[in-house]
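As a plain string of letters, each chain reads:
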Amino acid sequence: MSYTALYRKWRPDNFNDVKGQDHIVTTLRNQVTSAHIGHAYLMNGTRGTGKTTIAKIFAKAINCENPMPDGSPCNECHICKAITEQRYPFVHEIDAASNNGVENVRDIINNIVYSPTEGKYIVYIIDEAHMLSTSAFNALLKTLEEPPSYAVFILATTDPEKLPITILSRCQRYDFKRITIETITARLSELMVNEGISVTDDALKYVARVADGSMRDALSLLDQCISFYL
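To start, this report covers the structure provided alongside it. (Residues numbered from 1 in each chain as written. Predicted model: local features only at pLDDT ≥ 70, side-chain atom pairs only at ≥ 80, totals over all residues. Heavy atoms only, no water.)

## Description of the nonpolar core
Now for step 1: One finds Leu28, Met43, Ile54, Val123, Phe153 and Ile154 to be the most contacted residues of the largest nonpolar core, which totals 59 residues.
Now for step 2: Ranked by residue count, the leading element in this core is helix H3 (residues 51–63), at seven residues.
Now for step 3: Not counting chain neighbours up to four residues away, the residues in contact with methionine 43 comprise Leu28, Lys51, Ile54, Ile154, Leu155, Ala156, Thr157, Tyr174 and Phe176.
Now for step 4: Formed by 15 residues, the second largest nonpolar core is a distinct cluster that contains Ile179, Leu188, Ala208 and Leu219. (Core = buried A, V, L, I, M, F, W, Y, C linked by side-chain atoms within 4.5 Å. Buried < 20%, exposed > 50% of the residue type's maximum accessible area, 1.4 Å probe, protein only. Helix = DSSP H or I, 4+ residues; strand = E, 2+ residues; numbered from the N terminus. Contact = heavy atoms within 4.5 Å.)

Given below as structure tokens:
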């Protein structure tokens, strides 16, 4: 069986497992439980702090057939499983670093006129959104101004200053904090117990410190350390 990297294996699939972004998780949970879903969100923060992870959990939660009382997705229904396995046709993840032209946005605009045949929302998660071209932003703006009721856009970026103000003003903005050393250390310790691997607290604290606020970087570095000592 092929090895799965720690950051992929332990990527959170519910709000409870997201660490260090409580202010964002609480707000999104409240939106799910109250059914007050916005049409455009901006997830801003340094790499590895949970932007796309939370975007995917949110996409599941608002489409889940049996959402939990706290707003988390059930991860058991047909839609949740399909989104997790990346085969759900109404949640799209787009890498703007390689799909940044106006034609890519026009594809979105042409397809979004059709409402979903299952679930409640069509969700577009645009990663590295600041890399969209000016013409692509202009094409997207009209849809953000008058979106269909079933459409949700989630823009993730490490550089919001590069987004036009016309786009920023139409998004709910969520600023992701660097995750503290203590929070990263606690999460790494928990995962090492689950993996059945013995690691000293000092070693985990060192990894957490070098990761500089990024949970993904911490898991990748820990993966390297484990491989070195096995």
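## Details of the packing of helix H2 (residues 22–34) against H3
Now for step 1: Close contact between H2 and H3 brings their axes to 10 Å; oriented N to C, the two are set at 15°. Comparing their axes, H3 and H2 come out roughly parallel. The crossing of H2 and H3 is right-handed. Residue-level inspection shows Ile24, Val25, Leu28, Gln31 and Val32 of H2 in contact with H3, the latter providing Ile54, Phe58, Ala61 and Ile62.
Now for step 2: Residue composition of the contact of H2 with H3, grouped by class: eight nonpolar, one polar and no charged. (Axes fitted to C-alpha atoms, helices over the stretch in contact; angles between N-to-C directions. Parallel < 35°, antiparallel > 145°, perpendicular 65-115°, else oblique. Left-handed = near helix turned anticlockwise from the far one by under 90°. Nonpolar A, V, L, I, M, F, W, Y, C, P; charged D, E, K, R; others polar.)

## Here's the deal with the packing of helix H8 (residues 181–195) against helix H9 (residues 201–210)
Now for step 1: For the pair H8 and H9, the least separation of the axes is 9 Å and the interaxial angle reads 130°. It follows from the interaxial angle that H8 and H9 lie oblique. Note on packing geometry: the crossing formed by H8 with H9 is right-handed. Along the contact surface, H8 presents Ile181, Ile184, Thr185, Leu188, Ser189 and Met192, while H9 presents Leu204, Lys205, Val207, Ala208 and Arg209.
Now for step 2: Residues that form the contact of H8 with H9 fall into these classes: seven nonpolar, two polar and two charged.

Take it as geometry only, folks, not as evidence of what the structure does.
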